[in-house]
Amino acid sequence: MTQTERRERSAQPEHRWPAVIATLVALAAYAFLPSVVPLLERYAVVGVCLLMVVALVLYNPHRLTRESRWSRRAEIALAIFILVANQIAFAETVVRLLNKHGNGYELLLASLQVWLTNVIAFALVFWVLDRGGPIARATVPRPKLALADFRFPQDEDHDAVDEVARGSSKQADWVPNYIDYFYFSLSNSMAFSPTDTMPLTHRAKLLMSLESFAGFSLLALVIARAVSLIG
């Protein structure tokens, strides 16, 4: 990319730390809250993820301003690794809920751990995949950006009233950051459907479907378990 092409964009590079803090919260929940996954396996997952986080932070300490082939692959691998590890914990938690293994307190905390980690992990996956990732979204000229996976309200607010239009993608060169994907992931996990952000591609729709299914299944089974205990 030439310097002229870079100057075509006015979007500010995204801060590194919101995504890092969310990742650390997910890893802490995965490691320390009650879980059906053995401690050794959980700590191995957390250790590998922490090594990747450290390498990525050293490469872009404050703002996401540069990207190489290894850093791009590491960002994607980290998000997918956390997501896959949590899906295993999700499956085992569902089995325990169905078979009524373990006390209610531990199962409730395990369900909370899986749900919270799911919200953060899906947000990370959305964040690293959409439009080529966080660095591409802020630096690559819009006509050359990868196909968008999601449509945010700011992407179509350019013809609204002035105070809204000024913050739109077309007028202010707005781009989504991790907070936007976290909010979207949280609302999708609670509402089990899109709210203000719409999926556009098949992979986006499949990922959203998986997240909604996991959130709904956990909620339904926890409620069913609570009803059985009352009965």
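Every residue gets a number counted from 1 within its own chain, in the order that chain's sequence is written. With pLDDT at 70 or above as the cut-off, local features in this predicted model cover only qualifying residues; side-chain atom pairs require 80 or more to be listed or tallied, and sums for whole chains, interfaces and linings still use all residues. Where side-chain values are given, they derive from all heavy atoms of the structure, hydrogens and water being excluded.

As recorded in an unreviewed UniProt entry, the protein chain goes by Putative membrane protein and comes from Leifsonia soli.

(A) View of helix 2 (residues 17-32). Strands here mean DSSP runs of E at least two residues long; helices mean DSSP runs of H or I at least four residues long; both are numbered from the N terminus. Helices are assigned an expected span. That span is 1.5 Å times one less than the residue count. Taking 1.5 Å per residue, 16 residues should reach 22 Å; helix 2 reaches 22 Å between its end C-alpha atoms and fits that length. Burial classes: relative accessible area under 20% of the type maximum marks a residue as buried, over 50% as exposed, and values in between as partly exposed (1.4 Å probe, protein chains only). Among the residues of helix 2, A19, V20, A22, T23, A26, L27, A29, Y30 and A31 are the ones counted as buried. Whether two residues are in contact is decided by their heavy atoms, any of which lying within 4.5 Å being enough. Buried residues along helix 2 sit against helix 3 (39-59), helix 4 (69-99), helix 5 (104-129) and helix 9 (178-191).

(B) Quick look at a nonpolar patch on the surface. In this scheme, patches are assembled from residues that exceed 30% relative accessible area and form no salt bridge. Like charges are connected within 9 Å, while nonpolar side chains (Val, Leu, Ile, Met, Phe, Trp, Tyr) are connected within 5 Å. All accessibility values rest on the Shrake-Rupley procedure with a 1.4 Å probe; residue burial counts only the protein chains present in the view. Salt bridges, as used here, are contacts in which a Lys or Arg side-chain nitrogen is within 4 Å of a carboxyl oxygen on Asp or Glu. On the surface, W17, I21 and V25 cluster together into a nonpolar patch covering about 270 Å² of accessible area. For I21, the position within the fold is in helix 2.

(C) Seen up close, the UniProt feature "transmembrane region" (unreviewed entry) in the protein chain. As recorded in UniProt, the feature "transmembrane region" (unreviewed entry) lies at residues 20-37, 43-62, 74-95, 107-129 and 206-227. The span residues 74-95 shows a helical share of 100% and a strand share of 0%, and its end C-alpha atoms are spaced 32 Å apart. UniProt positions are given in the numbering used here, feature names are shortened, and annotations may be inferred rather than shown by experiment.

(D) Region of the structure containing the side chain of S189. Summarising the element assignment, S189 is placed in helix 9. Exposure remark for S189: the relative accessible area of 3% places this residue in the buried category. Among residues more than four places away in sequence, those in contact with S189 are W115, V119, E211 and G215.

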